[in-house]
Amino acid sequence: MPTHPNILFLLTDQMQGRVLEPGHPCLTPNLDRLVGRGVRITRAYTPNAVCSPARASLMTGRLPHSHNVLDITHGADDDQHVLRTSLPHFAQHLQAAGYRTGYFGKWHVERTDALDNFGWQDHALERSPRYNAVADELAHKAGTGGPGSPSLPQRHVEQPAGYKRSLLYAVTNRPAFARPAGVNVELAHHFLTEHLAGDAPWCCCVSVIEPHDPFVASHTSYDKYDVDAIDLPANFADTLADKPGLYRKAARAWHDLTDHEKRQAIACYWASITDLDEQFGRLLDLLEERSELDNTLVVLTSDHGELLGAHQLYCKNTGAFEEAYHIPMVVAGPTVTRGQAADARVGLHDLAPTLCELAGAQPMTSNESRSFASLLRDPATEAPHWQTGYAEFYGTRYYFTQRILWDGPWKLVFNGFDEDELYNLDDDPGEMHNLAHPRQPRHANHPAHRAQHERMMRLIWQRIKDTGDHALANSFYPAIRYAIVGPDLSP
């Protein structure tokens, strides 16, 4: 086995983890091939369901309060949500170990776009001159298909009055290779073609914006789905009566969607992933043709998920539901078990120390993340040791506090702005019944549920203390005693 294996990192944006589950209707033949070669982690999660905080956690192995990117970087003033540059990134560790590194596509980790400072030697971000040159070349190759026409399905969000019209989904005549994912894959293809012939190990990250909203798909992929046959999950009809009022307020933007339009949105979302699968397949094929696939660690994941109509919500900014927090996580390559599903809860931020260990680079050490390399080698034995998870959320532009703890089948959402949420995901995978809400007295006042609520809140307080989340650790002031139990009762 190679001491320093090559690494191909496939990073999507807003991709649900469930689309890779066996039997899921989303068509992903190339990603299914990858799953067959490695380990799919069934309960992987993001530490924050917004692009910039999640991506900063991915790079640093730290939680948002630690790396300081608490919201999307382009929606804040210059001195807000600024990445703490004292924290090392995993690419810097790889570079120090002799890797040639390349990054192509969406960044959104911090504002300078100076990727050389973070370990990425070769890079082309979206809308950079190099990206635009390849985009123009591929557009010429694609011809005059155009971005779509009134005869193809599309839907805009137009409510409430006074907000700009916003595209939710659309079908386009432009092929996938000529759209953003195709451009970034082409850039990565150039990088791989150059470095596969060299002696140094390499790490190539392909960061695409798909399947982020608006859900835009080629008509060739969209036509593979029978829109009328798509089942709408039961939690689409959630009244949100036992959820925070903010969730009901957010749902107003989509209240006029018909069931047919909801099915079209799902079909466009799945079809955009099918487009993406086709493009990623090009890179897997190249490695296979060069007899390098077995020597390469291939990682597929996403910064966060997509609500896609669950609980009447879309996108991810409001609602701590599994559709937004459960992400895909597949790792294949040297020393990784083949064709296994690991029933484990692993965070996106755990990838940084894991990649350093698998690459033979200097370890990344922090009490906020840990390497899961042993899980990849022996999923059956190691999975029981990966049953807890922890995430932070700070709102997006409208700021509010959430802390999320998973412990086995239990999930607690500590809401600093409203009532908490407690779910048993084994019994209630759609998160329809909030066992902590006072509007459901038979749940909230049930002794076992209250005990579970208190126990998990104590565990949250312990995470807050252990990771140095000082703002919450010191919230003893009487006017902000929002938790069911306070910090001094942590285990």
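Residues numbered from 1 in each chain as written. Predicted model: local features only at pLDDT ≥ 70, side-chain atom pairs only at ≥ 80, totals over all residues. Heavy atoms only, no water.

Participant: Would you mind going over the overall build of the chain with me for this structure?
Facilitator: Scanning the chain for helices and strands turns up 16 helices and 15 strands. Its C-alpha atoms give the chain a radius of gyration of 22 Å, within 12% of the compact-globule value 23 Å for 491 residues. On the principal axes, the C-alpha backbone points of the chain span a range of 65 × 55 × 45 Å. Looking at the chain alone, contacts between residues at least 24 apart form 72% of all its contacts between residues at least 6 apart. (Helix = DSSP H or I, 4+ residues; strand = E, 2+ residues; numbered from the N terminus. Rg over C-alpha atoms; globule rule 2.2 N^0.38 Å. Contact = heavy atoms within 4.5 Å.)

Participant: Even after reading the chapter, I still don't get the packing of helix H5 (residues 129-142) against helix H6 (residues 180-195), so can you show me in this structure?
Facilitator: How two helices sit against one another is set out by the angle between their axes and by the gap between those axes. Packing of H5 against H6 brings their axes to within 9 Å, and their N-to-C directions diverge by 110°. If you check the angle between H5 and H6, you find them roughly perpendicular. For the crossing formed where H5 meets H6, the hand is right-handed. Contacts between H5 and H6 involve Arg-130, Tyr-131, Val-134, Ala-135 and Leu-138 on the former and, on the latter, Pro-180, Gly-182, Val-183, Asn-184, Glu-186, Leu-187 and His-190. In terms of residue class, the contact of H5 with H6 is built from seven nonpolar, three polar and two charged. (Axes fitted to C-alpha atoms, helices over the stretch in contact; angles between N-to-C directions. Parallel < 35°, antiparallel > 145°, perpendicular 65-115°, else oblique. Left-handed = near helix turned anticlockwise from the far one by under 90°. Nonpolar A, V, L, I, M, F, W, Y, C, P; charged D, E, K, R; others polar.)

Participant: Looking at this model, I keep getting lost on the packing of aromatic side chains. Mind explaining?
Facilitator: Geometrically, a pair of aromatic rings is defined through the distance of the ring centres and the angle of the planes. Going through the model one piece at a time under the given rule, you end up with 16 aromatic pairs. Judged by centre distance (6.2 Å) and plane angle (15°), the rings of Phe-9 and Phe-90 are stacked. Placement of the pair is Phe-9 in strand S1 (residues 6-12) and Phe-90 in helix H4 (residues 90-96), with a sequence separation of 81 residues. The exposure class of Phe-9 is buried, given its relative accessible area of 1%. Note on Phe-372 and Trp-386: the rings are 6.2 Å apart at their centroids and 85° apart in plane angle, and the pair reads as edge-to-face. Of the two residues, Phe-372 is situated in the loop between helix H11 (351-358) and helix H12 (373-377) and Trp-386 in the loop between helix H13 (379-382) and strand S12 (388-396); the sequence distance between them amounts to 14 residues. The structure contains a cluster of three or more aromatic residues connected by ring pairs, namely Phe-9, Phe-90, Tyr-103, Trp-107, Phe-118 and Trp-120. The ring of Phe-177 has Lys-141 sitting right over it, with the charged end atom 5.3 Å from the ring centre. (Phe/Tyr/Trp six-rings, centres within 6.5 Å; stacked < 30°, edge-to-face > 60°. Buried < 20%, exposed > 50% of the residue type's maximum accessible area, 1.4 Å probe, protein only. Lys NZ or Arg CZ within 6 Å of the ring centre and 35° of its normal.)

Participant: Teacher, can you tell me more about the nonpolar core here?
Facilitator: Burial of nonpolar side chains together is a common tendency in soluble globular proteins. Formed by 87 residues in total, the largest nonpolar core has its most connected members in Leu-8, Leu-192, Cys-204, Val-206, Trp-254, Phe-280 and Tyr-325. The element contributing the most residues to this core is helix H9 (residues 259-289), with 14 residues. Not counting residues within four places of it along the chain, the set of residues in contact with Leu-192 comprises Leu-8, Trp-202, Cys-204, Leu-283 and Leu-286. Leu-11, Val-69, Phe-90 and Leu-355 belong to the second largest nonpolar core, which has 49 residues in total. (Core = buried A, V, L, I, M, F, W, Y, C linked by side-chain atoms within 4.5 Å.)

Participant: Just checking my understanding: could you explain the pattern of salt bridges for this structure?
Facilitator: Proximity of charged atoms lets side chains of opposite charge pair with each other. Inspection of every chain in the model, using the stated rule, returns 24 salt bridges. Here Arg-155 and Glu-261 are joined by a salt bridge, their closest N and O atoms 2.9 Å apart. Within this pair, whereas Arg-155 is found in strand S5 (residues 154-157), its partner Glu-261 is found in helix H9, the two being separated by 106 residues in sequence. The exposure classification of Arg-155 matches that of Glu-261, with both residues buried. Here Asp-469 and Arg-403 are joined by a salt bridge, their closest N and O atoms 3.0 Å apart. Within this pair, whereas Asp-469 is found in the loop between helix H15 (447-466) and helix H16 (470-473), its partner Arg-403 is found in strand S13 (residues 398-407), the two being separated by 66 residues in sequence. Each of the two residues, Asp-469 as well as Arg-403, counts as buried. Connected via shared salt-bridge partners are Asp-13, Arg-55, Lys-106 and Asp-303. (Salt bridge = Lys/Arg side-chain N within 4 Å of Asp/Glu carboxyl O.)

Participant: What exactly am I supposed to notice about the sheet that holds S13 here?
Facilitator: The strands that make up a sheet pair up through hydrogen bonds in the backbone, lying either parallel or antiparallel. If you trace the four strands from one edge of the open sheet to the other, you get S12-S13-S14-S15, paired in antiparallel fashion. Among the strands making up the open sheet, the edge pair consists of S12 and strand S15 (421-424). Along the sheet, successive strands turn relative to each other by an average axial angle of 15°, direction set aside. Relative to strand S14 (residues 410-415), S13 runs antiparallel, the two being bridged by six bridges. (Pairing = 2+ DSSP bridges.)

Participant: How should I be thinking about the sheet that holds S5 in this particular structure?
Facilitator: Taken in spatial order, the three strands line up as S5-S6-S8 in an open sheet, and their pairing is mixed. Pairing within the sheet leaves two strands with one partner each, and these edge strands are S5 and strand S8 (215-218). Adjacent strand axes in the sheet meet at a mean angle of 5°, parallel and antiparallel pairs treated alike. The pairing of S5 with strand S6 (residues 166-172) spans four bridges and is antiparallel. Residue pairing in the sheet places Arg-155 in a bridge with Tyr-169 of S6. Where H9 meets the sheet, its contacts fall on S5, S6 and S8, and the angle it forms with S8 comes to roughly 60°.

From the geometry alone we can't say anything about function, so treat these as descriptive.
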